[in-house]
Amino acid sequence: AAIEQLFEKKRPTFAASAASSSPKAQRSFTALDGKRSQAVGILMGSCKLDISTIETAFYAMDETVLSSDLVHALYTQKATTEELAIIKAHKAEDSATPLAHPDRFLLGLSTIDHFEQRAECLLFKASFAELLFDVNSKLDAVHRGAEALLSSTTIPPILALVLACGNHLNGGTSRGQADGFALDVLTKLQDLRSADGTTNLAQFVVQFHCKSDPLAGTQEAVFPLPDASLLRAAGEYQLDDATTALARIEKGLKRSSHKTDTIVRECGDTEKTECFKGEMTLFLTSGFQALDVARQRLTALKLESSKLHAYFGLKAPKKSTTVNDTPGVFEIWAHFSDTFRKLWVREQRLAAKARFDLAQQTKRSLMEQAKSPKKIVEGRGSSTSLKSRFGRFGRRRNSKQKQAKPASD
């Protein structure tokens, strides 16, 4: 019927399967498990380089192609001894079944002359600058902290003020005539509170210091102590750590030097070693020189450590100890600087307010003086009055006229 032809559901027709019509896909051999094969496949897709390009870049030491990330990925994904043995055995026994793409990639990497040693040299070369920079930056932090404490001209007066306060409070006792005090006392000044509990010794010291500062309350006022963050950064690093880090860097340089000699000696093709030898020789020469400079800085800092301890009357540090090990000179000063700054800022605000109030009072006084009428009073005998001046002139004239007139008979 017409209605059936209009609304009849058409049965879907299925095309013949591509697998049935096309020839059977060729099977490939892999020595890798699923995850391992996937990881190598991802590496191949991300680097987008064939083995010949990678091989040429290794021989030419082309770091524009071989970034440190790529070299690290190639090095970590290289075939293990067992995987490589299986791949080579299959290739020798069954040439009809091709290798899977990840297996072929790993086999190609293994054909690069001394691939593992070259990759290790490149990785250390790429990380050397960062390793040395890390040590130097920490040495700089220690040096800046020590120099800030040693070169400060305001620290001695503040220490003298603390000592004077302590001797005054301990007056009449055997501790009232002390020539000095332990440095960690600086961290305990806040704990000594006044009898009424309204202030403490740290606040009193800061108040006394600000009162003696003619610039207190102005923009020219300068905080008298080194910044706490600078001192805290200096206290976070130990010179023993620098010694260990430099020894590790030296070990890496020597290992790279040995591997370079091995590659050059065992590789018969000079085209594969010429660029590598030149680049590595230049790097190793400059690397050992930079290492010597860092060690000289470390030696100088150890001398500065002894000087810093002696400056504050502390025991000289033992051999191979640090600037901040005993009794924590940077930590003590960082704590005291933090405390001092909080109180100092408060006193600066009070001093600024006092200056402002005084300026306002002076301004009001001047305005009141300007508004009040000025009374000009000229005294009779005043030598500056106009009448007095003319009066004297008149009297002087009359006197001259009388002297000139002849006496009458």
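Residues numbered from 1 in each chain as written. Predicted model: local features only at pLDDT ≥ 70, side-chain atom pairs only at ≥ 80, totals over all residues. Heavy atoms only, no water.

Participant: Any chance you could break down the nonpolar core for me, citing the residues and the numbers?
Facilitator: Residues Phe312 and Trp333 are the most contacted members of the largest nonpolar core, which totals 83 residues. For this core, the element with the most residues is helix α8 (residues 115-151), which contributes 12 residues. Discounting chain neighbours no more than four positions away, the residues touching Phe312 are Leu149, Ile155, Leu159, Leu183, Val329 and Trp333. (Core = buried A, V, L, I, M, F, W, Y, C linked by side-chain atoms within 4.5 Å. Buried < 20%, exposed > 50% of the residue type's maximum accessible area, 1.4 Å probe, protein only. Helix = DSSP H or I, 4+ residues; strand = E, 2+ residues; numbered from the N terminus. Contact = heavy atoms within 4.5 Å.)

Participant: For the environment of Leu246, give the residues involved together with the corresponding values.
Facilitator: Within the element layout of this structure, Leu246 appears in helix α12 (residues 239-266). Each C-alpha atom, one on Leu246 and one on Asp292, is 9.4 Å from the other, the two residues being 46 residues apart in sequence. Setting aside residues no more than four positions away along its own chain, Leu246 makes contact with Leu132, Val135, Leu291, Ala294, Arg295 and Leu298.

Participant: Explain the pattern of salt bridges to me, and be specific about the residues and the numbers.
Facilitator: In the structure shown here, the tally under the stated rule is 13 salt bridges. Between Arg297 and Asp140 there is a salt bridge, with its nearest N and O atoms 2.3 Å apart. With Arg297 in helix α13 (residues 274-311) and Asp140 in helix α8, this residue pair connects regions lying 157 residues apart in the sequence. Close ionic contact of Glu347 with Arg346 constitutes a salt bridge, the shortest N to O distance being 3.5 Å. Several salt bridges converge on common partners, so that one network encompasses Glu250, Lys254 and Arg295. (Salt bridge = Lys/Arg side-chain N within 4 Å of Asp/Glu carboxyl O.)

Participant: I'd love a proper account of unusual backbone geometry, names of residues and values included.
Facilitator: One non-glycine residue, Met61, adopts positive backbone phi at about 55°. Topologically, Met61 is positioned in the loop between α4 (51-60) and α5 (68-76). Here Met61 falls in the buried class, since its relative accessible area comes to 6%. You will see that His114, though not glycine, has its phi angle at about 50°, which is positive. Note on placement: His114 falls in the loop between α7 (101-110) and α8.

Participant: Give me the packing of α12 against α13: which residues, what numbers.
Facilitator: Direction vectors running N to C along α12 and α13 enclose 160°, while the axes themselves pass 10 Å from each other. Accordingly, the angle class assigned to the pair α12 and α13 is roughly antiparallel. Considering how the two elements wind past one another, α12 and α13 form a crossing that is left-handed. Here the residues of the contact of α12 with α13 sort into 17 nonpolar, 5 polar and 5 charged. (Axes fitted to C-alpha atoms, helices over the stretch in contact; angles between N-to-C directions. Parallel < 35°, antiparallel > 145°, perpendicular 65-115°, else oblique. Left-handed = near helix turned anticlockwise from the far one by under 90°. Nonpolar A, V, L, I, M, F, W, Y, C, P; charged D, E, K, R; others polar.)

Participant: How would you sum up α8? Please name residues and give values.
Facilitator: Over its 37 residues, α8 extends 54 Å from the first C-alpha to the last, a length consistent with the 54 Å expected when each residue adds 1.5 Å. By the largest-angle criterion, Ser127 marks the main kink of α8, which is about 40°. (Expected span 1.5 Å × (residues − 1). Bend = angle between axes of the 7 residues up to and from the residue.)

Participant: Break down the packing of α8 against α13 for me, citing the residues and quoting the values.
Facilitator: It is the contact of α8 with α13, at a shortest axis distance of 10 Å, that shows an interaxial angle of 20°. One finds that α8 runs roughly parallel with respect to α13. Viewed along their axes, α8 and α13 form a crossing whose handedness is left-handed. Classifying every residue of the contact of α8 with α13 by side-chain character gives 18 nonpolar, 3 polar and 8 charged.

Participant: Please provide a residue-by-residue account of the confidence of the model for the protein chain, values included.
Facilitator: Mean pLDDT over the protein chain stands at 84; residues scoring 70 or higher make up 82%. Per-element mean pLDDT across the protein chain ranges from 42 in helix α2 (residues 18-21) up to 95 in α8. Counting interchain partners and residues more than four positions distant, the pLDDT-below-50 stretch residues 14-23 has 0 contacts. Throughout residues 320-327 the model reports pLDDT below 50, and contacts reaching past four residues in sequence, or to other chains, amount to 29 contacts. (pLDDT = per-residue confidence, 0-100.)

Participant: Report on the environment of Phe288, specifying residues and quantitative values.
Facilitator: Along the chain, Phe288 turns up in helix α13. Distance in space between the C-alpha atoms of Phe288 and Leu253 is 7.4 Å, their sequence separation being 35 residues. Residues contacting Phe288, with those up to four places away along its chain left out, are Leu253 and Lys254.

Participant: With reference to specific residues and values, describe the packing of aromatic side chains.
Facilitator: Two measures describe an aromatic ring pair: the distance that separates the ring centres and the angle between the ring planes. For the structure shown, the criterion picks out 11 aromatic pairs. Measuring from ring centre to ring centre gives 6.1 Å for Phe124 and Phe283, while their planes differ by 70°; the resulting arrangement is edge-to-face. One end of the pair, Phe124, is in helix α8; the other, Phe283, is in helix α13, and 159 residues separate them in sequence. Exposure remark for Phe283: the relative accessible area of 9% places this residue in the buried category. Aromatic ring contacts, followed pair by pair, group Phe223, Tyr311, Phe312, Trp333, Phe336, Phe340 and Trp344 into a single cluster. Here the basic side chain of Arg118 rests over the ring of Phe276, its NZ or CZ set 5.1 Å away from the ring centre. (Phe/Tyr/Trp six-rings, centres within 6.5 Å; stacked < 30°, edge-to-face > 60°. Lys NZ or Arg CZ within 6 Å of the ring centre and 35° of its normal.)

Participant: Any details on the side chain of Lys125? Residues and values, ideally.
Facilitator: Relative to the assigned elements, Lys125 resides in helix α8. By relative accessible area, which is 18% here, Lys125 ends up buried. Within the structure, Lys125 has its side chain in polar contact with the side chain of Glu63 (distance 2.6 Å). Setting aside residues no more than four positions away along its own chain, Lys125 makes contact with Met61, Glu63, Glu279, Met280 and Phe283. (Polar contact = N/O pair within 3.5 Å; in protein donor to acceptor, adjacent residues only side chain to side chain.)

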